[in-house]
Amino acid sequence: MQEIELKFLVPESRLKGLMRQAKVKSSQVTQLAAYYYDTPDQQLAQAGIGLRIRKEGDTWVQTIKAGGDGLAARLEHNAVLDNEQVQDMLDNNELMPDLTLYKDTSIANAIADFKLKKLAKQLTRLYVTDVQRTTRSLIEDDNDDINNCLEVAYDYGEIVHGTDDTQREAIQEIEFELVSGELDFLFSTAKTWCKRYKLCLSTVTKAERGGLLINGRDHSPAVSANLSQLQVSKDSSMPAFVRAAVHNCLLQILPNSSAIVAGSTDVEHVLQLHTGIKRLLAALKSFADFSDEINPDWLPILQQTAVLLDDYRQLAHVVSHVEPLLQTYGAPAVDWATDIDAIKVTPFDAVRANDFQLTLLELIAFAMSDPSIEPKADHLAHDKLEKILSKEYEKCFESDNEPDESSDAELDSDDITDDDNQAEDRLSNHLTDLLYISEFSASLLRKKKTKKKTTRWLKRLKKAQIALEQHSADSRYQQCYELKSATDAHALYGAGWFTATLDHDYDPTAKHLAKFRDSSIFW
């Protein structure tokens, strides 16, 4: 069966109010003791599979979860076990999952790559969870035709290391699982609770958190874009195509935003979240006409969040990467602590902001909704993409966006004006948008005879985009060190370094742009 649920972290300040809604007369409180299994090198976790045996009240249940859409849906198989057999195995410290249960089931394909007999011999108990679960059902009363019902479950407890019970991780989260009915009921209910209790979406499963605990890590690594997960074809309708693009962006956004609301200060999580939002903005703007369900209110919220993340990301990058690099060349250390502290909105604040969290919920609902019921469901995306790409391509070479190449040899940082910087930023943004929408569109427009041409064009575009983006970043770093030098003379080294870097890198950047401009388009 397929499990569809949304999980949220609960802020401490809202817990009492939330519990008043979760713990009503009709609610049930159950103690859940679960044992999680994997190979010592966590082969199941690497395949996105969670395997557990859990005591649910008086019943022992073996559960495996796998696959899914990466947003809110996962495959799940539950099997009720014989209590006496489980107790005998517990008495002998031999409790292990029975993998033969999955033959000829819906979960079989998810574990098809494993040799089950070999896997069974390798399985070991890695960690356990001890959770008190408070559940209640929510039913929509005003719909006679559809039985809309979902379960709200608040979990409070901890994850315990399988071989060292001194290592523990607290659990405090709430889940909304669709029992029956339509997705709209799940999302509308979740939005109401999210707005009222300032909940924050989390895609981190208990199995993933257990794996982090035994590996001594607080958060999973940052997730970058993965275009191999983009599910489009030449037959994709316009509504289906834009949903696939949004879905692909969310696969990058949600894991990174989940890490940040859980407390990560890793600049890589911030970078990848920022990149995911920029990709999403490019898709929503360029393919806005592909669906009537796209909410224009999403754009300003996403843009504001991207700006806030970028302000922090740039300064954090200076601290984590630029400063160590300069010091290897003999630069005196510059203390940026007060500058970091002066940032009014941290990534944690930006990501947990209620309007951003509600927007994420609406985007997930959009990505999971049925594209076939839209008015444009019979219009192929393929037929519109060439015009969209051509329009974005033309923006990249408008005269006011192009650097002045007439005096490349004499150009240095002193020659660059604010207008030049603004034009460079505009060109960088246009190249970035073109890259993202080209990556979304390439598989639909690429023909067998032009596959190499497409690959070469995308490669040249990416090189030009990276070069210009780096040049723009170096310009901002130069300004950053220049401003800092007013209060810390040590920053003069960095200001001079980036002035020289900008002079040195201008010609290579211009060459990458020229090479891209001279390439014939693939569509």
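Everything below is about the structure printed above this text.
Our subject in this report is the structure included herewith. Predicted model only: the values in this text are computed from it and were never measured.

Criteria and cut-off values
- Residues numbered from 1 in each chain as written.
- Predicted model: local features only at pLDDT ≥ 70, side-chain atom pairs only at ≥ 80, totals over all residues.
- Heavy atoms only, no water.
- Helix = DSSP H or I, 4+ residues; strand = E, 2+ residues; numbered from the N terminus.
- Rg over C-alpha atoms; globule rule 2.2 N^0.38 Å.
- Buried < 20%, exposed > 50% of the residue type's maximum accessible area, 1.4 Å probe, protein only.
- Contact = heavy atoms within 4.5 Å.
- Areas by Shrake-Rupley, 256 points an atom, 1.4 Å probe, with all protein chains shown as cover.
- Expected span 1.5 Å × (residues − 1).
- Bend = angle between axes of the 7 residues up to and from the residue.
- 1 Å grid on protein atoms, 1.4 Å probe; cavity = no way out; pocket = protein on both sides within 12 Å on 5 of 7 lines; lining within 4 Å.
- Points joined across faces, edges and corners; volume = space filled by probe spheres on them.
- Nonpolar A, V, L, I, M, F, W, Y, C, P; charged D, E, K, R; others polar.

## Structural notes on the overall build of the chain
The number of helices and strands found in the chain is 16 helices and 9 strands. Taking 2.2 N^0.38 as the reference for a compact globule, 523 residues should give roughly 24 Å; the C-alpha atoms of the chain span a radius of gyration of 26 Å, in line with that estimate. For the chain, the spread of C-alpha atoms along the three principal axes comes to 85 × 60 × 50 Å. Evaluated residue by residue, the chain yields a buried proportion of 47% over its 523 residues. Taking all contacts inside the chain whose residues are at least 6 apart in sequence as the whole, residues at least 24 apart take part in 76%. Carbon and sulfur atoms form 48% of the exposed surface of the chain, whose accessible area is close to 26,200 Å².

## A few points about helix H9 (residues 298-328)
End to end, H9 covers 44 Å across 31 residues, agreeing with the expected 45 Å (1.5 Å per residue, within 8%). The largest bend in H9 is about 40°, located at Val318. Looking one or two residues beyond H9, the residue adopting positive phi is Gly330, at roughly 95°.

## Examining the layout of surface pockets
Quantified by volume, the second largest pocket comes out at close to 1,300 Å³. Leu271, His274, Arg313, Gln465 and Glu469 are the residues nearest the centre of the second largest pocket, which is lined by 46 residues in total. For the lining of the second largest pocket, the secondary-structure elements that each account for two or more residues are helix H8 (267-286), H9, helix H14 (418-445), helix H15 (451-484) and helix H16 (491-517). No other element matches H9, which puts 11 residues into the lining of the second largest pocket. Classifying every residue of the lining of the second largest pocket by side-chain character gives 16 nonpolar, 16 polar and 14 charged.

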